[in-house]
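Letter by letter, the chains look like this.
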Amino acid sequence: MKIKDRVTLITGSGQGLGKAMALAFAREGGKMAINDIAFNEAKALQTVEEIRQLGVEAEFFVADVSQELEVNAMVAKVLERFGRIDILINNAGINRDGLLHKAESKNWDAVVSVNLTGPFNATKAVLPGMRQQGYGRIVNISSLTARMGIFGTGYYATTKAGLIGLTKVTAAENVTKGITCNALAPGYIKTDMMLKYPEDQLKALIVKIPVGRLAEPEEIADAALFFAADSSAYMTGAVLDINGGFLI
Ligand code: NAD
């Protein structure tokens, strides 16, 4: 089957990378389950509208990925609406900067609950259906920060490295059931997560990126499509670096 015959659930797809991936999958004709947290509902509904304008089915499913019961309810509703979930992209994420010797538990708890507990909740909720249908593609959005010791990323990098662990175990445990699980490790992407930084800080960062710019979200979306394809059946447990040459 092609993406057009597949149902894809993308967490945190009201904006940024999640939205870019949702539109990329929708351009291939795939049915889209758009998730986001309640406070971002307006943007998520806008994503749904843009997908429907492409002539593709899309629906918004509100859930805070850090909340197990909300994620279970969301997955049940997606299954009710579309009958199956073929592709899960664990994309929802947040960032808090801070040096470890000044770290605050409330920041740690917030980042771990969204970036790590979120993908754990969503993965375990979709796996029974994927195993039963004998098909699944799970793509986890990790980060360059999981690969390097970058100053001030203690909360965030730890979760993104943990997500690589989740990726590999999910891959190992489900390889005989037609399910693959892979991770993307993007460098710096032009989304709100980066654009919140002052211009001088961004300029100083861009100087360090050999390609000389931030990534467009669409460039990462193309890699997600690659992992999600039927033809990527032999690739599982992999981590794909997309960082403009920052880490070679
Ligand atoms: P973004 O802030 O624009 O988007 C994040 C999305 O996640 C938003 O729609 C937000 O509402 C949603 N979200 C946040 N908490 C949620 C929750 N509890 N439940 C459901 N949805 C929630 O940022 P982005 O850059 O598009 O980030 C997407 C993913 O890419 C994240 O996992 C991020 O860590 C990762 N990433 C981003 C960069 C970058 O440079 N922007 C680099 C590497 C990896």
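Residues numbered from 1 in each chain as written. Predicted model: local features only at pLDDT ≥ 70, side-chain atom pairs only at ≥ 80, totals over all residues. Heavy atoms only, no water.

**Considerations on the overall build of the protein chain**
Phase 1 of the analysis: A tally of regular secondary structure across the protein chain gives eight helices and seven strands.
Phase 2 of the analysis: On C-alpha atoms alone, the protein chain measures out to a radius of gyration of 17 Å, which is about the 18 Å that the 2.2 N^0.38 rule sets for 248 residues.
Phase 3 of the analysis: Intrachain contacts of the protein chain at a sequence separation of at least 6 include 76% that bridge at least 24 residues.
Phase 4 of the analysis: Summed over all atoms, the accessible surface of the protein chain reaches about 11500 Å², with 56% contributed by carbon and sulfur.
Phase 5 of the analysis: The distance from the centre of the 26 positive side-chain charges to the centre of the 26 negative ones in the protein chain is 4 Å. (Helix = DSSP H or I, 4+ residues; strand = E, 2+ residues; numbered from the N terminus. Rg over C-alpha atoms; globule rule 2.2 N^0.38 Å. Contact = heavy atoms within 4.5 Å. Areas by Shrake-Rupley, 256 points an atom, 1.4 Å probe, with all protein chains shown as cover. Lys, Arg positive; Asp, Glu negative; His and termini not counted. Charge placed at Lys NZ, Arg CZ, Asp CG, Glu CD.)

**Thoughts on the side chain of Ser142**
Phase 1 of the analysis: Looking at the secondary structure, you find Ser142 in the loop between strand E5 (136-141) and helix H5 (154-174).
Phase 2 of the analysis: Under the relative-accessibility criterion, Ser142 is labelled buried at 3%.
Phase 3 of the analysis: A polar contact of 2.8 Å, which involves the side chain of Ser142, links it to the backbone oxygen of Lys160.
Phase 4 of the analysis: Beyond its immediate chain neighbours, meaning those up to four positions away, Ser142 contacts Lys160, Leu163, Ile164, Ala183, Leu184, Ala185 and Pro186. (Buried < 20%, exposed > 50% of the residue type's maximum accessible area, 1.4 Å probe, protein only. Polar contact = N/O pair within 3.5 Å; in protein donor to acceptor, adjacent residues only side chain to side chain.)

**A look at the packing of helix H1 (residues 16-27) against helix H8 (residues 217-228)**
Phase 1 of the analysis: In contact at an axis separation of 8 Å, H1 and H8 are set at 55 degrees when each is read in the N-to-C sense. When the axis of H1 is compared with that of H8, the two are oblique. Here H1 runs over H8; the crossing is right-handed. Residues Gly16, Leu17, Ala20, Met21, Ala24 and Phe25 of H1 form the contact with H8, whose participating residues are Pro217, Glu218, Ile220, Ala221, Ala224, Leu225 and Ala228.
Phase 2 of the analysis: When grouped by side-chain class, the residues that make up the contact of H1 with H8 number 11 nonpolar, one polar and one charged. (Axes fitted to C-alpha atoms, helices over the stretch in contact; angles between N-to-C directions. Parallel < 35°, antiparallel > 145°, perpendicular 65-115°, else oblique. Left-handed = near helix turned anticlockwise from the far one by under 90°. Nonpolar A, V, L, I, M, F, W, Y, C, P; charged D, E, K, R; others polar.)

**Observations concerning the sheet that holds strand E2 (residues 31-36)**
Phase 1 of the analysis: Read across the open sheet, the seven strands follow the order E3-E2-E1-E4-E5-E6-E7; overall the sheet is parallel. Among the strands making up the open sheet, the edge pair consists of strand E3 (58-62) and strand E7 (239-242). Pairs of neighbouring strands in the sheet enclose a mean axial angle of 20 degrees, with direction left out of account.
Phase 2 of the analysis: Of the strand pairs in this sheet, strand E4 (residues 87-90) and E5 are connected by four bridges, and their pairing is parallel. Across the sheet, Ile89 pairs through a bridge with Val139, a residue of E5.
Phase 3 of the analysis: Across the sheet, helix H2 (residues 41-52) is in contact with E2 and E3; its angle to E3 comes to roughly 165 degrees.
Phase 4 of the analysis: Against the sheet, helix H4 (residues 105-133) contacts E4, E5 and strand E6 (179-186), and its axis sits at roughly 175 degrees relative to E4. (Pairing = 2+ DSSP bridges.)

**Here's the deal with H8**
Phase 1 of the analysis: Here H8 contains 12 residues, and its C-alpha end-to-end distance of 17 Å stays within 8% of the 16 Å for a straight helix at 1.5 Å per residue.
Phase 2 of the analysis: For H8, the complete set of buried residues consists of Pro217, Ile220, Ala221, Ala223, Ala224, Leu225, Phe227 and Ala228.
Phase 3 of the analysis: Those residues of H8 that are buried lie in contact with H1, E4, E5, E6 and E7. (Expected span 1.5 Å × (residues − 1).)

**Examining the side chain of Ser66**
Phase 1 of the analysis: In this fold, Ser66 is placed in the loop between E3 and helix H3 (68-82).
Phase 2 of the analysis: Overall, Ser66 belongs to the buried group, its relative accessible area being 14%.
Phase 3 of the analysis: Of note is the side chain of Ser66, whose polar atom sits 2.7 Å from the side chain of Asp64.
Phase 4 of the analysis: Ser66 has contacts with Ser113, Val114, Thr117, Gly118 and Asn121, leaving out every residue within four places of it along the chain.

**Quick notes on the site of the ligand**
Phase 1 of the analysis: The full set close to the ligand counts 29 residues, and Gln15, Asp36, Asn91, Tyr156 and Thr191 are the nearest of them.
Phase 2 of the analysis: Between an oxygen atom of the ligand and a side-chain N or O atom of Lys160, the distance comes to 2.9 Å.
Phase 3 of the analysis: Compared with its free state, where it exposes 830 Å², the ligand has 95% of that area covered by protein.
Phase 4 of the analysis: Given that more than half its atoms are within 2 Å of the pocket grid, the ligand belongs to the largest pocket.
Phase 5 of the analysis: When residues of the shell around the ligand are traced back to their parent elements, those giving at least two are H1, E2, H5 and helix H6 (192-195). (Near = heavy atom within 4 Å. 1 Å grid on protein atoms, 1.4 Å probe; cavity = no way out; pocket = protein on both sides within 12 Å on 5 of 7 lines; lining within 4 Å. Sits in = over half its atoms within 2 Å of the grid points.)

**As for the pairing of E6**
Phase 1 of the analysis: With respect to burial, E6 is a largely interior element, eight of its eight residues being buried.
Phase 2 of the analysis: Handedness of the crossover joining E5 and E6 through H5 is recorded here as right-handed. (Right-handed = clockwise from strand over helix to strand, strands pointing away.)

**Some remarks on the packing of aromatic side chains**
Phase 1 of the analysis: Evaluated as defined, the whole model comprises three aromatic pairs.
Phase 2 of the analysis: Between the NZ or CZ atom of Arg6 and the centre of the ring of Tyr135, over which it lies, the distance is 3.5 Å. (Phe/Tyr/Trp six-rings, centres within 6.5 Å; stacked < 30°, edge-to-face > 60°. Lys NZ or Arg CZ within 6 Å of the ring centre and 35° of its normal.)

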